Amino acid sequence: MTEAADAFPATQEFPDDAEYAWWLNTHPDGYVLAVRTRSAPLLHKATCPEIDRDVHPGRLRAKGARQICAEAKSALRTWASRELEGGGALLARCPKCGP
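Analysis parameters
Residues numbered from 1 in each chain as written. Predicted model: local features only at pLDDT ≥ 70, side-chain atom pairs only at ≥ 80, totals over all residues. Heavy atoms only, no water. Helix = DSSP H or I, 4+ residues; strand = E, 2+ residues; numbered from the N terminus. Areas by Shrake-Rupley, 256 points an atom, 1.4 Å probe, with all protein chains shown as cover. Phe/Tyr/Trp six-rings, centres within 6.5 Å; stacked < 30°, edge-to-face > 60°. Lys NZ or Arg CZ within 6 Å of the ring centre and 35° of its normal. Buried < 20%, exposed > 50% of the residue type's maximum accessible area, 1.4 Å probe, protein only. Pairing = 2+ DSSP bridges. Polar contact = N/O pair within 3.5 Å; in protein donor to acceptor, adjacent residues only side chain to side chain. Contact = heavy atoms within 4.5 Å.

Caption draft 1: Broad picture of the overall build of the protein chain. Assigned secondary structure in the protein chain consists of 4 helices and 5 strands. Counting helices and strands in the order they occur from the N terminus, the protein chain gives α-β-α-β-β-α-β-α-β. Taken as a whole, the protein chain presents about 6,000 Å² of accessible surface, with 51% of it coming from carbon and sulfur.

The following block contains the structure:
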């Protein structure tokens, strides 16, 4: 099995706010790819307040908004290359948390 195939299942998405908050709290060294319909996907550290649904509920729950979680940036790059138009080899990084 290739490295890319191994990395893809390592991503998780939580539509439920409680499960998402649990993942963020239990994976402080993890990463989240914030995917929105009107802007490029943005990579964050799991501890970044910009991806906290309680702080930014409208933006993070908007139609088409998704937060993809993983313990490794490589898993998120693999996910983006398979799931997003145009691939995702280069992911923009949050300027506030600098993942």
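Now, onward.
Caption draft 2: Just the packing of aromatic side chains, in detail. On inspection of all chains with the given rule, the structure shows 0 aromatic pairs. The ring of Tyr20 has Arg53 lying over it, and the distance from NZ or CZ to the ring centre is 4.0 Å.

Caption draft 3: Molecular detail of the pairing of strand β2 (residues 31-35). Within β2, 5 of the 5 residues are buried, leaving the element largely enclosed by the surrounding structure. Side chains Tyr31, Leu33 and Val35 project from β2 onto one buried face, and the interleaved Val32 and Ala34 project onto a second face that is buried too. Sheet analysis places β2 next to strand β3 (residues 42-45), joined by 4 bridges and oriented antiparallel. Counterpart to Tyr31 in the pairing with β3 is Lys45. Connecting β2 to the next strand, β3, in antiparallel fashion are 6 residues.

Caption draft 4: Main features of the side chain of Gln67. For Gln67, the location among the structural elements is in strand β4 (residues 66-70). A distance of 2.7 Å separates polar atoms of two side chains, one belonging to Gln67 and the other to Arg53. In this structure, Gln67 is in contact with Gln12, Glu13, Phe14, Tyr20, Val32, Leu33, Arg53 and Leu60, ignoring residues within four places of it in sequence.

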